[in-house]
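Per-entry structural report
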Amino acid sequence: MPGSRISDGIGSANGASVNGHAPVGHNMEYGDISYIHSSNRPDEWRIEQGMAGAELPVLDMTGPTTIPLSPQIFGELTKDKAAIQAVGDRNKLFTRERKGWIGFVEWENYPEKKEVAHKLLTAQTFPPNPEYQLGPVPASNPVLPGTRWKMWHRALGGELTQIPEDSWDIVLEEKHPDMLHLLQFPYNGEPPKRLVTDKAITPNPLHFVRNHGGIPIINKNDYSFTMDGLVKNPRSFTLDDLMDEAQFPRVEKYATMQCSGTRRIEQILLYPGQGDEVPQAPWAEGAIGTAKYVGISLKKVIKACGGLVEDAKHLEFYGADTYFKDDKVMNYLVSVPWSKVKANEVLLCWEMNGEPLPKIHGYPLRVVVLGYIGARSVKWLYRVKAIKNPSRAPVQSQEYLYFPQQVGKHNFKLTDGIQIQEMPVSSAIMSPWTKQVIIHNGKIRCKGWAYSGGGRWPERVELSSDGGFNWYTVPLENLSEKRKWCWRTWEYELPCDVEGWVEIVVRCWDNALNTQPPDVRTAWNWGLHVTSSCHRISVYSVNKTRPNTRARLDKFEEKGIPFGPITVPLAFPSQTWDDYEDFWAKHDPRDARDEF
């Protein structure tokens, strides 16, 4: 429909309100500029350029005429007060259940309690999460507040009422003041780039955190967990039981923990994807860290229970944090296969980098699954259950799934997704940063990390300054120590002769000769997980070994004018008029000759 505003699905031909915005420019004055009447939105240009994609209507082109379908519009918080009152006293329904366990509610053994929680959640409507994938990421720290999750906890009340505030207090107490708080609650945070690989072993205050619920506060002397399910002799263990070296040999392991959302921002910026009850945190390259853990092998605990019985093939872990999904409430549950446990690659740990586990990292006991995604390493462990098949809990069966590229909201089935376990080979550049201007003498100083899961390790790291056409190998002496289950940090002065915008790329080869896909598009998936493609950054190269460049930079210094940003026009003449005229006196004129 040529000339039709409706066919564009953006504006209105009659000047009426569009997507809730009134038309602009009706006899408006700003200074001495008059604006004519227009049916456009004030942000028409921004909308047309896709800078607020969440506000664009869906275009239905299945018929002879294109029809715009408006996006969802969410209201404010509403409450069915009668339905809420009908469930009873929430302080009694969700009261403290264990001495010394603050913020813990046992859901899995009480289906009737889950049903009451479901009634409370469906008796209210909650405002939506902020849309940041199809719009600007908020310029704040914390980036996202987690408003819905806070409201859900308070809607249930009782033992969960204070959890959001208590959890944030723990973040401020235990984490480095320079942490980047991507999601305030449940807490998701990573260190700034300059500190991610500052040390090969990540200090506890700088280790990333991906929590799925609030942080329970558990007294060590009141702590125990249960080992049950398909084991011969179910029993409970205290932390002192596990720490008794006469019963359980102690294990010390350096291990890299990586969130499957690491480098998610690269997917989001090009191709947004699935949202969820927890907003998909816009992780950069810092959702990875390496620590020394002390604990015991879960295999020894199973042996102390007489071993597995029947057809037990998986171990299900129960976390004390409360998790929400589809207006339902539960504890955080995932599972790993027995084969992983049997290989002594699943640890129960109480110490991190020579200190008791921080509360934010699972005190007093957590699971550490070597080489797997961090989501399997359950914190605040209160139960291990031997089962026949992988857990049907949402985190295992509905989330952390790797979908094919043509699967999305319009057609996906849970069975289309591969459950993510081992992490693939990956790497990232921590310095310089993308869009940074680099003044150098023919080499750009780079640093970063490389990692491969599943017990593999980085053997080679390569860098390119021309988008991946030519590669330079990082010398082995520039890599940190090689350890199974661990990343390697690296540094390298990358040769770069050219000036202007260049693309620096890193890739890793592991000991099985696996390497990374070349482009983020090859890694994109609806769940925005596992950005394992080569990490690419664009930087502006200014090579001071070139005489003209050196002379120009000296001029900036002489005049006391900052060189950046590069987009600001030059503040002094680039050459004198005498130089200009002298050039044309020595060279042909700009126009070509047209005579013999």
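Residues numbered from 1 in each chain as written. Predicted model: local features only at pLDDT ≥ 70, side-chain atom pairs only at ≥ 80, totals over all residues. Heavy atoms only, no water.

If you check an unreviewed UniProt entry, the chain appears there as Sulfite oxidase from Pseudopithomyces chartarum. Its UniProt record gives the chain a comment under Cofactor (unreviewed entry), which states: "Mo-molybdopterin". (UniProt positions renumbered as here; feature names shortened; annotations may be inferred.)

Let us look at the layout of surface pockets. Put simply, the largest pocket is a space of about 1800 Å³. Lining the largest pocket we find 49 residues, and of these Q72, F74, P128, E131 and K409 sit closest to its centre. Counting residues per element, the ones that place at least two in the lining of the largest pocket are α5 (111-122), β7 (124-125), α6 (147-156) and β16 (314-325). Counted by class, the lining of the largest pocket contains 22 nonpolar, 16 polar and eleven charged residues. Taken as a whole, the second largest pocket spans an internal volume of roughly 950 Å³. Looking at the second largest pocket, it is lined by 36 residues, and the ones nearest its centre are K193, I265, L269, E285 and T434. Of all the secondary-structure elements, those providing two or more residues to the lining of the second largest pocket are β8 (180-183), α8 (193-196), α10 (264-270) and β31 (535-543). When its residues are assigned to classes, the lining of the second largest pocket shows 19 nonpolar, eight polar and nine charged. (1 Å grid on protein atoms, 1.4 Å probe; cavity = no way out; pocket = protein on both sides within 12 Å on 5 of 7 lines; lining within 4 Å. Points joined across faces, edges and corners; volume = space filled by probe spheres on them. Helix = DSSP H or I, 4+ residues; strand = E, 2+ residues; numbered from the N terminus. Nonpolar A, V, L, I, M, F, W, Y, C, P; charged D, E, K, R; others polar.)

Turning our attention to unusual backbone geometry. In the segment running from S431 into P432, the intervening peptide bond is cis, with an omega of 0°. With respect to the secondary-structure elements, P432 resides in the loop between β24 (426-431) and β25 (437-440). For the bond running from G564 to P565, omega is -5°, close enough to zero to count as cis.

Before going further, it helps to spend a moment on the UniProt feature "domain: Oxidoreductase molybdopterin-binding" (unreviewed entry) in the chain. The UniProt record marks residues 212-393 with the feature "domain: Oxidoreductase molybdopterin-binding" (unreviewed entry), using the residue numbering of this structure. Taken end to end, residues 212-393 is 13% helix and 40% strand, and its two terminal C-alpha atoms sit 13 Å from one another.

Looking now at the side chain of N525. Along the chain, the position of N525 falls in the loop between α14 (520-523) and β31. Among the polar contacts listed, one links the side chain of N525 to the backbone oxygen of H529, at a separation of 2.8 Å. Not counting residues within four places of it along the chain, the set of residues in contact with N525 comprises Q267, L401, Y402 and F403. (Polar contact = N/O pair within 3.5 Å; in protein donor to acceptor, adjacent residues only side chain to side chain. Contact = heavy atoms within 4.5 Å.)

Moving on to the confidence of the model for the chain. Put simply, the chain has an average pLDDT of 92, and 94% of its residues get 70 or more. Note on residues 1-28: pLDDT is under 50 here. Beyond four places in sequence and across chains, it has 54 contacts. (pLDDT = per-residue confidence, 0-100.)

Our focus in this paragraph is the packing of α5 against α6. Running from N to C, α5 and α6 cross one another at 120°; their axes reach a closest spacing of 10 Å. Taken together, the axis directions place α5 and α6 in an arrangement best described as oblique. Along this stretch, α5 crosses α6, giving a crossing that reads as right-handed. For the pair α5 and α6, the contacting residues are A117, L120 and L121 in the first and W152, A155 and L156 in the second. By residue class, the composition of the contact of α5 with α6 is six nonpolar, no polar and no charged. (Axes fitted to C-alpha atoms, helices over the stretch in contact; angles between N-to-C directions. Parallel < 35°, antiparallel > 145°, perpendicular 65-115°, else oblique. Left-handed = near helix turned anticlockwise from the far one by under 90°.)

Okay, the pairing of strand β26 (residues 443-451) next. Two elements, β24 and β26, share five bridges in a ladder whose sense is antiparallel. Among the inter-strand pairings, S431 is bridged to a residue of β26, identified as K447. Pairing of β26 with strand β29 (residues 488-495) involves eight bridges; the strand directions are antiparallel. Across the sheet, I444 pairs through a bridge with L494, a residue of β29. (Pairing = 2+ DSSP bridges.)

Another aspect to go through is a nonpolar patch on the surface. Taken together, the side chains of W577, Y580, F583 and W584 define a hydrophobic patch exposed on the protein surface, amounting to about 460 Å² of accessible area. With respect to the secondary-structure elements, W584 resides in helix α16 (residues 577-586). The class for W584 is partly exposed, based on a relative accessible area of 33%. (Patch = residues over 30% accessible without salt bridge, like charges linked within 9 Å, V, L, I, M, F, W, Y side chains within 5 Å. Areas by Shrake-Rupley, 256 points an atom, 1.4 Å probe, with all protein chains shown as cover. Salt bridge = Lys/Arg side-chain N within 4 Å of Asp/Glu carboxyl O. Buried < 20%, exposed > 50% of the residue type's maximum accessible area, 1.4 Å probe, protein only.)

Okay, empty space enclosed by the protein next. Space left empty within the atom packing is revealed by a probe, the size of a water molecule, rolled over the atoms. As enumerated under the stated definition, the model contains three cavities of 30 Å³ or more in all. The computed volume of the largest cavity comes to approximately 190 Å³. For the lining of the largest cavity, the residue count by class is nine nonpolar, six polar and four charged. The calculated volume of the second largest cavity comes to roughly 120 Å³. Taken together, 13 residues form the lining of the second largest cavity, with R210, Q280, E399, Y400 and H529 sitting closest to its centre. Residue composition of the lining of the second largest cavity, by class: five nonpolar, four polar and four charged.

The next subject is the packing of α6 against helix α7 (residues 163-174). The interhelical angle for the contact between α6 and α7, taken along N-to-C directions, is 130°, at an axis separation of 9 Å. Here α7 runs oblique to α6, going by the angle between their axes. Taken together, the residues of α7 that come into contact with α6 (itself represented by K150, H153 and R154) are I163, P164 and E165. Here the contact of α6 with α7 is built from residues that sort into two nonpolar, one polar and three charged.

Attention shifts here to the side chain of Q124. Structurally, Q124 can be placed in strand β7. One polar contact links the side chain of Q124 to the main-chain carbonyl oxygen of L120, over a distance of 3.3 Å.

Below, the discussion takes up the sheet that holds β29. Here three strands make up an open sheet; going across it, the order is β24-β26-β29 and the pairing antiparallel. Only two strands of the sheet have a single partner each, and these edge strands are β24 and β29. The mean inter-strand angle of the sheet, taken between neighbouring strand axes irrespective of direction, is 30°.

Moving on, we come to the pairing of strand β20 (residues 366-369). Burial along β20 is two-sided: R366 and V368 and V367 and V369, pointing in opposite directions, are all buried. Two strands pair when backbone bridges link them, and strand β18 (residues 346-352) and β20 are joined in this way by four bridges, in the antiparallel orientation. Counted as the bridge partner of L348 is V367 from β20.

This next bit is on the nonpolar core. The biggest cluster of nonpolar side chains holds 120 residues, and the ones touching the most others in it are L156, F225, M227, L242, L298, V301 and F317. In contact with M227, other than residues within four places in its own chain, are P234, R235, F237, L298, V301, I302, C305, L315, V384 and A386. Judged by nonpolar contacts, the second largest core, of 20 residues, contains C446, Y492, V506 and V539. (Core = buried A, V, L, I, M, F, W, Y, C linked by side-chain atoms within 4.5 Å.)

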